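Descriptive analysis of the structure
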Amino acid sequence: MESPEDTSLPARSREVARILTAAGVTGQVHELTDSTRTAAEAAAALNCDVGAIANSLVFISDDEPVLVLTSGRHKVDTAALATRWNRGPLRRATPEQVRQATGQAIGGVAPVGHPGVLPTVVDAALTDYPQLWAAAGTPRTVFPTTVDELLRLTGGLLLPVGP
Ligand code: 5CA
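Everything numeric in this text was worked out from a predicted model, so none of it was measured.

**A short note on the packing of aromatic side chains**
In total, this model carries zero aromatic pairs according to the counting rule given. Taking the ring centre of Trp-85 as reference, the NZ or CZ of Arg-87 above it sits at 5.4 Å.

Written out as structure tokens, the structure is:
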């Protein structure tokens with residue numbers, strides 16, 4: 001367990017931990033020795049169902065970055081989601097666009113800790129799992145969370161995103 005002040009955490013994860021604590025989230029940021037860069041790696045490292053990993057995926061839609069917190073068990077059906085969300089087409093962000101929108105690198109993008117507010121959808125499939133894990137700013141840090149917390153932290157909209 002790490003506390004938000006723990007200087008052993010990478011700076012980007014300390015910022016995420018600070019935001020979580022300020023929002024009253026009790027789950028702590030964990031730094032693992034194994035990579036948690038992908039949902040499969042995170043699920044293996046945490047010994048949990050891959051569906052309980054909440055991937056923070058950045059897309060560009062209507063010329064702005066948006067965030068789709070997606071269960072690791074499936075891909076985003078971008079066409080269906082754009083319609084449901086009442087937005088223009090969703091294109092996957094480039095690594096540079098991800099960095100610019102989040103201040104974080106691919107494989108470590110967290111639901112929070114970004115330089116600006118990103119319009120956000122939370123995958124309804126995540127409601128199948130009482131405990132979720134999300135990245136905390138780097139490819140080795142994660143924190144435990146729930147759908148309700150993710151909705152509250154991001155001001156997001158709960159929608160089906162899968163096929
Ligand atoms: N740390 C885990 C969750 S605990 C994580 O970040 N998973 S992830 O799925 O959100 O991060 C990997 C994702 O980064 C992939 O699903 C993919 O959507 C995205 N990604 C990987 N490579 C690229 C790339 N070259 N350009 C844009 N996105 C990419």
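Now that the structure has been shown, the text picks up again.
**Some remarks on the environment of Val-122**
Tracing the chain through its elements places Val-122 in strand S5 (residues 120-123). For the pair Val-122 and Leu-69, spaced 53 residues apart in sequence, the C-alpha separation works out to 4.8 Å. Apart from residues no more than four positions distant in its own chain, Val-122 is found in contact with Leu-69, Val-147, Leu-150, Leu-151, Thr-154, Leu-157, Leu-158 and Leu-159.

**Quick notes on the environment of Ala-105**
Summarising the element assignment, Ala-105 is placed in the loop between helix H4 (95-102) and S5. A relative accessible area of 29% means that Ala-105 is categorised as partly exposed.

**Quick look at the pattern of salt bridges**
The full count for this structure, using the stated rule, is four salt bridges. The partner of Glu-15 in a salt bridge is Arg-18, and the shortest N-O contact between them spans 3.0 Å. Of this pair, Glu-15 and Arg-18 both sit in helix H1 (residues 11-22), three residues apart, roughly one helical turn. Note on Arg-18: relative accessible area 45%, which makes it partly exposed. Its salt-bridge partner being Arg-87, residue Asp-62 comes within 3.6 Å of it at the nearest N-O pair. In this pair, Asp-62 is assigned in the loop between strand S2 (53-61) and strand S3 (64-71) and Arg-87 in the loop between helix H3 (78-85) and strand S4 (91-92), connecting sequence segments 25 residues apart. A residue is classified by how much of its surface remains accessible, and Arg-87, at 17% relative accessible area, is buried. When salt bridges with common partners are traced through the structure, they connect Asp-62, Glu-64 and Arg-87 into a single cluster.

Reading the values: the criteria
Residues numbered from 1 in each chain as written. Predicted model: local features only at pLDDT ≥ 70, side-chain atom pairs only at ≥ 80, totals over all residues. Heavy atoms only, no water. Phe/Tyr/Trp six-rings, centres within 6.5 Å; stacked < 30°, edge-to-face > 60°. Lys NZ or Arg CZ within 6 Å of the ring centre and 35° of its normal. Helix = DSSP H or I, 4+ residues; strand = E, 2+ residues; numbered from the N terminus. Contact = heavy atoms within 4.5 Å. Buried < 20%, exposed > 50% of the residue type's maximum accessible area, 1.4 Å probe, protein only. Salt bridge = Lys/Arg side-chain N within 4 Å of Asp/Glu carboxyl O.

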